[in-house]
Amino acid sequence: MSDGEPSDFLKGIKDKLIRSKEQWASDKRLITGRPDLGHVNRLPPGQREVKNWPVLDLGAQPDVAPDRWRLRIGGAVENPAVFTLPEFMALPQEDFVSDIHCVTQWSRYDNHWRGVSAKTLLDIVKPKADARHVLFTAYDGYTTNVKLDVFAEGNVLLAHSWEGAPISREHGGPVRVIIPDWYLWKSAKWVTRIEFSAIDQPGFWEVRGYHNEGDPWKEERYSG
Ligand SMILES: Nc1nc2c(c(=O)[nH]1)N[C@H]1C(S)=C(S)[C@@H](COP(=O)(O)O)O[C@H]1N2
Ligand SMILES: [Mo]
């Protein structure tokens, strides 16, 4: 698939995968019932460590040519902004190290990222006083939501590199979101839009039985 409008994407997604993940949510699969709120362990409850980096998405991995990539930030902000990739790369760049945790039960430790921190982006666009929520939209049409407080955490970034190399297409390159404190479905690959809002807009998995928050230490896998 090319980097067309996100609205085209429903044709290409793996309906079977979506149905089985919806079924997991309705069965409340993988819940162990042992929250680790103090983070005594490095591994959140119900997770296992992997050394590789699995690929998970809706099956349509958009091929976003670097010269066509845009990041649009708008909604309830004082200064809406659009960045090309060179403009994004000219913003202050920072290195991060974080563990990532997928709701399908794998965790991967010590990932080295480089990119632009959420704090830098927030300083530029300046959310309005009534902004409480953030919705990410990606080039495959995927959406996911977090609270503004979650996006504003110091370890959140829009990453272009992992382990010293550009993030591959399958992992969301040229630029993806990384929100390490939440399950990885909150970290949009191929991100193109960030919208701030006074109201919450649940995303792709959040309307299909997945939790609206997603704290792995509390096993916030499913809603209800
Ligand atoms: N654009 C987009 N981002 C996405 C997804 C997706 O389907 N499309 N899947 C999410 C899910 S469910 C997971 S677990 C992670 C997987 O990221 P990875 O493939 O780099 O491991 O991406 C998240 N971000
Ligand atoms: Mo996932």
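No experiment lies behind these values; they were computed from the predicted model shown.

### As for the sheet that holds strand 2 (residues 70-75)
Then comes step 1: Across the sheet, which stays open at both edges, the 5 strands sit in the order 3-2-11-6-7 with mixed pairing between neighbours. The open sheet is flanked by strand 3 (81-84) and strand 7 (143-147), the only strands paired with a single partner. Between one strand and the next, the sheet's axes are offset by a mean angle of 15°, whatever the strand orientation.
Then comes step 2: In this structure, strand 6 (residues 133-138) lies alongside strand 7, joined through 5 bridges in antiparallel fashion. The residue of strand 7 that forms the bridge with Thr137 is Thr143.

### Some thoughts on the UniProt feature "domain: Oxidoreductase molybdopterin-binding" (unreviewed entry) in the protein
Then comes step 1: Annotation from UniProt places "domain: Oxidoreductase molybdopterin-binding" (unreviewed entry) at residues 60-205.
Then comes step 2: Segment residues 60-205 splits into 12% helix and 40% strand. End C-alpha atoms: 16 Å apart.

### Quick look at unusual backbone geometry
Then comes step 1: For the bond running from Gly173 to Pro174, omega is 10°, close enough to zero to count as cis.
Then comes step 2: Residue placement: Pro174 occurs in the loop between strand 9 (165-166) and strand 10 (176-178).
Then comes step 3: In this structure, Glu163 is a non-glycine residue whose phi angle is positive, near 50°.
Then comes step 4: Look at Glu219: it is not a glycine, yet its phi comes out positive at around 50°.
Then comes step 5: Structurally, the position occupied by Glu219 is in the segment after strand 11 (191-197).
Then comes step 6: Its relative accessible area of 8% is what places Glu219 among the buried residues.

### Some points on helix 1 (residues 15-27)
Then comes step 1: For helix 1, with 13 residues, the first-to-last C-alpha span of 18 Å sits near the 18 Å given by 1.5 Å per residue.
Then comes step 2: Turning to helix 1, its buried residues number three or more, namely Ile18, Lys21, Trp24 and Ala25. Summarising the axial view, the buried residues of helix 1 lie within an arc of 115°, below the 170-degree limit, and thus occupy one face. In this structure, helix 1 carries Lys16 and Arg19 as exposed residues pointing more than 90 degrees from its buried face.
Then comes step 3: Count one or two residues on from helix 1 and you reach Lys28, which has phi positive near 55°.

### Thoughts on the nonpolar core
Then comes step 1: Core analysis: the largest hydrophobic core is formed by 49 residues, its most contacted members being Phe88, Phe136, Phe151, Leu158, Ile194 and Phe196.
Then comes step 2: Sorting the residues of this core by element identifies helix 1, strand 2, strand 3, helix 2 (85-89), helix 3 (118-125), strand 6, helix 4 (148-151) and strand 11 as the ones contributing at least two each.
Then comes step 3: Of all the elements, helix 3 adds the most residues to this core, at 4 residues.
Then comes step 4: Trp53, Cys102, Trp106 and Trp113 belong to the second-largest nonpolar core, a separate cluster that totals 12 residues.

### Remarks on the pattern of salt bridges
Then comes step 1: The final tally for this structure, using the stated rule, is 9 salt bridges.
Then comes step 2: In this structure, Arg42 and Asp110 form a salt bridge, with 2.9 Å as the shortest nitrogen-oxygen distance. Taken together, the positions of Arg42 in the loop between helix 1 and strand 1 (48-49) and Asp110 in strand 5 (residues 106-117) put the pair 68 residues apart, joining distant regions of the chain.
Then comes step 3: On the basis of relative accessible area, Arg42 is assigned to the partly exposed category, the value being 40%.
Then comes step 4: Among the ionic pairs, Glu206 bridges to Lys186, the shortest N-O distance being 2.8 Å. Placement of Glu206 in the segment after strand 11 and of Lys186 in the loop between strand 10 and strand 11 is noted, with a sequence separation of 20 residues between them.
Then comes step 5: Overall, Glu206 belongs to the buried group, its relative accessible area being 8%.
Then comes step 6: In this structure Lys186 comes out as buried when scored by relative accessible area, which is 0%.
Then comes step 7: One network of salt bridges, in which partners are shared, links Arg42, Asp99 and Asp110.

### What to know about the packing of aromatic side chains
Then comes step 1: In this structure the tally under the stated criterion is 11 aromatic pairs.
Then comes step 2: Taken together, a centroid distance of 5.5 Å and an interplanar angle of 70° make the contact between Trp185 and Tyr210 edge-to-face. Within this pair, whereas Trp185 is found in the loop between strand 10 and strand 11, its partner Tyr210 is found in the segment after strand 11, the two being separated by 25 residues in sequence. The same class applies to Trp185 as to Tyr210, namely buried.
Then comes step 3: Judged by centre distance (5.2 Å) and plane angle (65°), the ring pair of Tyr210 and Tyr222 falls under edge-to-face. One end of the pair, Tyr210, is in the segment after strand 11; the other, Tyr222, is in the segment after strand 11, and 12 residues separate them in sequence. Residue Tyr210 shares its accessibility class with Tyr222, and that shared class is buried.

Calculation criteria
Residues numbered from 1 in each chain as written. Chains lettered and ligands numbered in written order. Predicted model: local features only at pLDDT ≥ 70, side-chain atom pairs only at ≥ 80, totals over all residues. Heavy atoms only, no water. Pairing = 2+ DSSP bridges. Helix = DSSP H or I, 4+ residues; strand = E, 2+ residues; numbered from the N terminus. Axes fitted to C-alpha atoms, helices over the stretch in contact; angles between N-to-C directions. UniProt positions renumbered as here; feature names shortened; annotations may be inferred. Buried < 20%, exposed > 50% of the residue type's maximum accessible area, 1.4 Å probe, protein only. Expected span 1.5 Å × (residues − 1). Arc of directions from axis to C-beta. Core = buried A, V, L, I, M, F, W, Y, C linked by side-chain atoms within 4.5 Å. Salt bridge = Lys/Arg side-chain N within 4 Å of Asp/Glu carboxyl O. Phe/Tyr/Trp six-rings, centres within 6.5 Å; stacked < 30°, edge-to-face > 60°.

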